[in-house]
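So you can see what is in the structure, the chains are spelled out below.
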Amino acid sequence: MIDPGHGGIDGGAVSPSNLLEKDIVLAAAKELARQLTATGRYDVRMTRDSDVFVSLDQRLGLSAKHGVDLFVSLHADSLPEQEGAQVVRGATIYTLSERASDERSRLMAEKENASDLVAGINVVEGADDDAVKGILFDLMKRETANFSADFSNALVRKLKPAKVLARTPHRSAAFKVLKQTHAPSVLVELGYLSNPEDEKLLNTPAWRKKVAAAITAAIDAYFSKRTAGAAGP
Ligand code: ZN
């Protein structure tokens, strides 16, 4: 399942020349879906394929409903001028952790988690925590976290030769959309809309093709390893 962030009333980050995150990530998601479908190996679903608002709970609900095997959320960040908007660039891969890997990632998750607030939806934290409890839940969570880490490593390996990664390409934070026990999930920040070079690239079909090809290669690598593992020695 490909999850283009934001949409509709929630535009997400905005670049200096008014490119909207919601449009950038939808275009990238569509290209990724096209390439994945072309392999003939995947049943590709999207949480949205047009400019509509989808709440974080709805995204999680769609993932659970379809029982997906992998969940890839696509975003594009923006930094204020004083935090290095001119120099900080490149793609970052985020996995879930309650404690963020660093302060920027924590703020990042806070910003992305506020998506529902933009649309005026009341967020009840931990409302469905009671439904699934206990050891089994923890085990599932741990297994899913391991697979998410596997996949994020594959992403770093495949994106590195494309020279599109940020200096610290793997970070973690408490992103709500990654709180899934059934499916390994990662959130890819494709680049920084606040950086002039990234802004130009992010809006280029050639760049989208290149990045989608690298993500497709990572997805292939991830599933071939899992399939090999399931078959046993
Ligand atoms: Zn976003």
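Attention here is on the structure that accompanies the text. (Residues numbered from 1 in each chain as written. Predicted model: local features only at pLDDT ≥ 70, side-chain atom pairs only at ≥ 80, totals over all residues. Heavy atoms only, no water.)

1. Side note on the overall build of the chain
Helices and strands together make up the secondary structure of the chain, namely seven helices and five strands. Its helices and strands taken in sequence order, the chain reads β-α-α-β-β-α-α-α-β-β-α-α from the N to the C terminus. Computed over C-alpha atoms, the radius of gyration of the chain comes to 17 Å, within 12% of the 17 Å expected from 2.2 N^0.38 for 233 residues, which places it in the range of a compact globule. Projected onto its principal axes, the C-alpha coordinates of the chain cover approximately 50 × 40 × 35 Å. (Helix = DSSP H or I, 4+ residues; strand = E, 2+ residues; numbered from the N terminus. Rg over C-alpha atoms; globule rule 2.2 N^0.38 Å.)

2. Some thoughts on helix α2 (residues 56-65)
For α2, every residue scored as buried is listed here: Leu56, Arg59, Leu60 and Ser63. In an axial view of α2, the angular spread of the buried residues amounts to 95°, which keeps them on one side of the axis. Where α2 is buried, its residues meet β1 (2-4), β2 (71-77), α3 (103-113) and α4 (115-118). One or two positions beyond α2, positive phi appears at Gly67, with a value near 50°. (Buried < 20%, exposed > 50% of the residue type's maximum accessible area, 1.4 Å probe, protein only. Arc of directions from axis to C-beta. Contact = heavy atoms within 4.5 Å.)

3. What about the pattern of salt bridges?
Charged atoms that come close allow side chains of opposite charge to pair. Enumeration over the complete set of coordinates arrives at 14 salt bridges. Note that Glu197 and Arg89 form a salt bridge whose closest N and O atoms lie 2.9 Å from each other. Residue Glu197 is found in helix α6 (residues 196-202), and its partner Arg89 is found in the loop between β2 and β3 (91-96); the two are separated by 108 residues along the sequence. With relative accessibility at 45%, the residue Glu197 sits in the partly exposed group. Arg89 sits in the partly exposed class, given a relative accessible area of 29%. Linked through salt bridges whose partners overlap, the residues forming this network are Arg89, Glu197 and Asp198. (Salt bridge = Lys/Arg side-chain N within 4 Å of Asp/Glu carboxyl O.)

4. Comments concerning empty space enclosed by the protein
Taken as a whole and assessed by the stated rule, the structure comprises two cavities of 30 Å³ or more. Approximately 70 Å³ is the volume found for the largest cavity. Lining the largest cavity are 13 residues, and of these Leu56, Arg59, His75, Glu112 and Val177 lie nearest its centre. Among the elements of the structure, α2, β2 and α3 are those that each provide at least two residues to the lining of the largest cavity. (1 Å grid on protein atoms, 1.4 Å probe; cavity = no way out; pocket = protein on both sides within 12 Å on 5 of 7 lines; lining within 4 Å. Points joined across faces, edges and corners; volume = space filled by probe spheres on them.)

5. Structural notes on the sheet that holds β1
The strand order β1-β2-β5-β3-β4 describes an open sheet built from five strands, whose pairing is mixed. Whereas interior strands pair on both sides, the edge strands pair on one side only; in this sheet they are β1 and β4 (165-173). Strand-to-strand, the axes of this sheet are offset by a mean angle of 20°, without reference to chain direction. Pairing of β3 with β4, which is carried by five bridges, proceeds in the parallel orientation. Of the residues in β4, the one forming a bridge with Thr95 is Ser172. Across the face of the sheet, helix α1 (residues 21-38) comes into contact with β1, β2 and β5 (185-192) while running at roughly 145° to β2. (Pairing = 2+ DSSP bridges. Axes fitted to C-alpha atoms, helices over the stretch in contact; angles between N-to-C directions.)

6. A word on the pairing of β3
Burial of β3 is extensive: five of the six residues sit out of reach of the surface. The sheet contact formed by β3 and β5 spans three bridges and is antiparallel. Across the sheet, residue Tyr94 finds its bridge partner in β5, namely Leu187.

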